[in-house]
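Each chain is listed here by its residues.
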Amino acid sequence: MSRSKLGGILLAVLLAAVATGPVRGADAAVELTMYYPVAVGGPVTKIVDGMIADFEKAHPDISVTAVYAGNYDDTRTKALAALKAGQPVQLSVLFSIDLFELIDQDAIVPFDDLVPEADRAWFTGFYPALMENSRYQGKTWGIPFQRSTIVMYYNKDAFKEAGLDPNRPPATWAELADAARKLTKRDAAGNVTRWGVMIPSTGYAYWMFQALAKQNGEVLMNEDGNRTYFDKPGVVEALEFWRDLSAKHGVMQPGTVEWGTLPKQFLEGKTAIMWHTTGNLTPIRRDARFDFGVAMLPGNTGRGSPTGGGNFYIFKRTSPEERKAAYTFVRWMTAPEQAARWSIATGYMGTSKAAYQTPALSGYVKEFPPAAVARDQLEYATAEFAVHENARVKKLLDDAIQAVLTGAKTPKAALAEAQAGAERVLRRYR
Amino acid sequence: MPRGRAAGAAVRPRPAAPGRDVIGWLLLLPAAVLLVTFTHYPILETIRASLFSTPRATRPAVFVGLDNYRLMLEDPVFWQVLRNNVVFALGTIPASVAIALVMAVWVNERLPGRALVRTAYFTPTVLPMVAAANIWLFFYTPQLGLLDQVRALFGGASHNWLGDPSTVMGCLIVMTIWKEAGFFMIFYLAALQQLPPDLREAAALEGAGRWYFFRRITLPLLMPVTLFVLVNATINSLKLVDQLFVLTKGGPDNASSLLLYYIFEVAFAFNDSSYAATLTVVLLGILGLLAVSQFVYLDRRVHYR
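No experiment lies behind these values; they were computed from the predicted model shown. (Residues numbered from 1 in each chain as written. Chains lettered and ligands numbered in written order. Predicted model: local features only at pLDDT ≥ 70, side-chain atom pairs only at ≥ 80, totals over all residues.)

Student: Which residues make up the overall build of chain A, and what values do they have?
Tutor: A count of helices and strands for chain A gives 19 helices and 13 strands. Against the globule reference of 22 Å for 430 residues, chain A gives a C-alpha radius of gyration of 22 Å, in line with a compact fold. In chain A, buried positions account for 50% of the 430 residues. In chain A, 74% of the contacts between residues at least 6 apart in sequence involve partners at least 24 apart. (Helix = DSSP H or I, 4+ residues; strand = E, 2+ residues; numbered from the N terminus. Rg over C-alpha atoms; globule rule 2.2 N^0.38 Å. Buried ≥ 20, exposed ≤ 12 C-beta atoms within 10 Å, placed from the backbone. Contact = placed C-beta atoms within 7 Å.)

What follows is the structure in structure tokens.
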């Protein structure tokens, strides 16, 4: 872990050195620089470099330098800073929910300007749920690349021990509460030694909450990103259910659940069920010493989960040749064969139906069925939370959720407050 | 300062040669340029930015006067992080200084394995904060963490240390004391070793007990170090936020957020540079006020040899 991180940093330094060096192709090849984030474990930088090497072989007239720039927030900050400073950077992989921020900063161009009319079918080849975070005012601004969703990991051994069918994970909220009650184990003194279920509430609380809201038939924002629906009754109900898992049913650890240490708690058998990103599938598969299952999230009025992850964006400060080269590159990187290769290597999902039809990915899914859960869940998926001034509005929601889970406020009051705060921020974007 | 000037005016010597002034200024120049470029100019720029709105691609910055400050006074999160910071300072400063002093006196004695104990006390200081915070994250993890495992030995229930607003600040304080005390110990230890041994002999002749000697002789002689350590501890209580990135991200519901962490959030997550500048001006004001009061008030009570 630490060694691969160190390797990543060294590589980033090297790449940065290369990127800033005075390398000018003698054959007047178009040079592209791209920033990208790494948000999961594994040798992601190596995989990216391998793909780029193959691209350059296929397109000798374009050379690409990929700069690893930290997590999603770091990468956005660095890319925007580089643009401001006039450094050459033509495209980047950035958080799908940075869309409005990038548009508000006038930093990106829509892909519609680059794709010939006859070729627009390209957009519809991707899963529609993954494109929801790409569209704004009828145009497509981002192309899905490293995308994930929330799934439910469960401990099959614990299910057997509690007398539950390990091949029938809970499919509704009622079943979840019921199964979790049976899975919660207490010692003689009444202290809990294993919780039934845990939903993380630090770091990405809003993301988990989007899933619960969608399962109750609600979305949290409109497509234009200038209105939120935090105080709708169905949304309040979703937060009540989350709170009740610990406050009423006593099957989830009280207080907030830490995103970072939750996989460890699951691996150590301290919780029988956890909700987490698909991005953790490969590490869980590697470290679990028990039989585990991966399932779609349960639902109330229907199933639901938000998507997440990174999209390709092309920056405005580029020459026509650079834009064309960048488009060629994005097109190549997101083609079915590459998407399949990327998905198998990292655990991110294939971004198009065609990717799952390639021999490589269809073979992989047959051999390891949990890899298909995220894809199957896409049918019920919704866009990840994205509005104007996203970080600020997101924090209002995160704070409300944490206030409720720690018992400081009621769901109704906390969400009404968050809604009022969001209104103040978003009013001027209408 | 006024006293010094009055005395200087009375016996002001004529400059020996105009060249000496120039040399003096030239000698000051490199340091002055660096200070002005990287300290004084940014401070002025921050104050200026706090009076303007945040520039956006579509709307350039406009002068808004004290609007940002009015906004700040109405911002409940600002008041909460300020309160948190006071609790954090009161929790960390006296405890870490007191523990540092006790540890220094302890390892200054002749005891077996002294070098080992000194190293052990100093180790937390050497560890980078982010690494240390990652270790403590797993100490505090419910059920699996060291803390809960020890409690389990005595039949205690597991507790969600960082996920409970009533315990999260305590957790941060304990970790910070652990991190800082060893650093302050080094200063006390150095000072203790400078104390002339004849004082101890004289006190022994007069029949002073160990506690009396410590209270009336050692402690007053250590006051200059105590001042230095106090100033540092106070600054650190406003400056150390690395652990928040790893441990809590300011949560739950801002229960563990500190002023500087909030500034970071506003500046780099919300991209609201002018409000961040406003908060920074407040932080600078607090730091300036503390520095002045510490040097003016405490200086009088410090006994320099």
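Student: Could you give an account of the pairing of strand S1 (residues 30-36) of chain A, naming the residues involved and the relevant values?
Tutor: Along any regular strand, the residues point their side chains to alternate faces of the sheet. Residues and elements named next belong to chain A. In terms of residue burial, S1 counts as a mostly covered element, since 6 of its 7 residues are buried. Pairing of S1 with strand S2 (residues 62-68), which is carried by 7 bridges, proceeds in the parallel orientation. Residue Glu31 lies in a different strand from S2, and its bridge partner there is Ser63. (Pairing = 2+ DSSP bridges.)

Student: Which residues make up unusual backbone geometry, and what values go with them?
Tutor: Residues and elements named next belong to chain B. With an omega dihedral of -10°, the bond running from Gly251 to Pro252 counts as a cis peptide bond. Even without glycine at this site, Gln143 takes up a positive phi of about 70°. By the secondary structure assignment, Gln143 is in the loop between helix H6 (129-140) and helix H7 (146-153). Residue classification places Gln143 among the buried positions, given that 23 C-beta atoms sit within 10 Å. Its identity as a non-glycine residue notwithstanding, Asn271 has a phi of 55°, on the positive side. Looking at where Asn271 falls in the secondary structure, it is placed in the loop between helix H13 (259-269) and helix H14 (273-301). On the basis of neighbour counts, which here come to 20 C-beta atoms within 10 Å, the residue Asn271 falls in the buried class.

Student: I'd love a proper account of the interface of chain B and chain A, names of residues and values included.
Tutor: Taken residue by residue, the interface counts 25 residues in chain B and 30 residues in chain A. Among the residues making up the side of chain B that touches chain A, the classes are represented as 12 nonpolar, 9 polar and 4 charged. (Nonpolar A, V, L, I, M, F, W, Y, C, P; charged D, E, K, R; others polar.)

Student: Give a detailed account of helix H19 (residues 411-426) of chain A, specifying residues and quantitative values.
Tutor: Residue and element names in this part refer to chain A. Here H19 spans 22 Å end to end across 16 residues, near enough to the 22 Å set by a 1.5 Å rise per residue. Residues of H19 that are buried: Pro411, Ala414, Leu415, Ala418, Gly421, Ala422 and Leu426. Looking down the long axis of H19, one finds its buried residues gathered within 125° of arc, a one-sided arrangement. Opposite the packed face of H19, turned more than 90 degrees from it, sit the exposed residues Ala420 and Arg424. (Expected span 1.5 Å × (residues − 1). Arc of directions from axis to C-beta.)

Student: So, the nonpolar core: which residues are in play, and what are the values?
Tutor: One broad trend across soluble globular proteins is that nonpolar side chains are buried collectively. By size, the foremost hydrophobic cluster in this structure holds 122 residues, and its most contacted members are Val197, Met208 and Phe209 of chain A. Leaving out residues up to four positions away in the same chain, Phe209 of chain A has contacts with Ala238, Leu239, Leu397 and Ile401 of chain A. In terms of nonpolar packing, the next biggest core, distinct from the first, is built from 49 residues, Leu172, Leu222, Val225 and Leu259 of chain B among them. (Core = buried A, V, L, I, M, F, W, Y, C linked by C-beta atoms within 7 Å.)

Student: How would you sum up H13 of chain B? Please name residues and give values.
Tutor: All names here are of chain B. Looking only at H13, the buried set comprises Leu259, Tyr261, Tyr262, Ile263, Glu265 and Val266. Summarising the contacts, the buried residues of H13 are in contact with helix H4 (76-108), helix H11 (223-239), helix H12 (242-247) and H14. At the exit of H13 stands Asn271, carrying a positive phi of roughly 55°.

Student: Help me get a handle on the pairing of strand S10 (residues 271-277) of chain A, residues and values and all.
Tutor: Residues and elements named next belong to chain A. In terms of residue burial, S10 counts as a mostly covered element, since 7 of its 7 residues are buried. Across 5 bridges, strand S7 (residues 143-155) lies against S10 in antiparallel orientation. Bridge pairing links Val151 to His276 in S10. In terms of strand pairing, strand S9 (residues 192-198) meets S10 through 3 bridges, oriented parallel. Its bridge partner being in S10, Val197 is matched across the sheet by Ile273.

Note that every value here comes from positions in space, so none of it alone points to a role or purpose.
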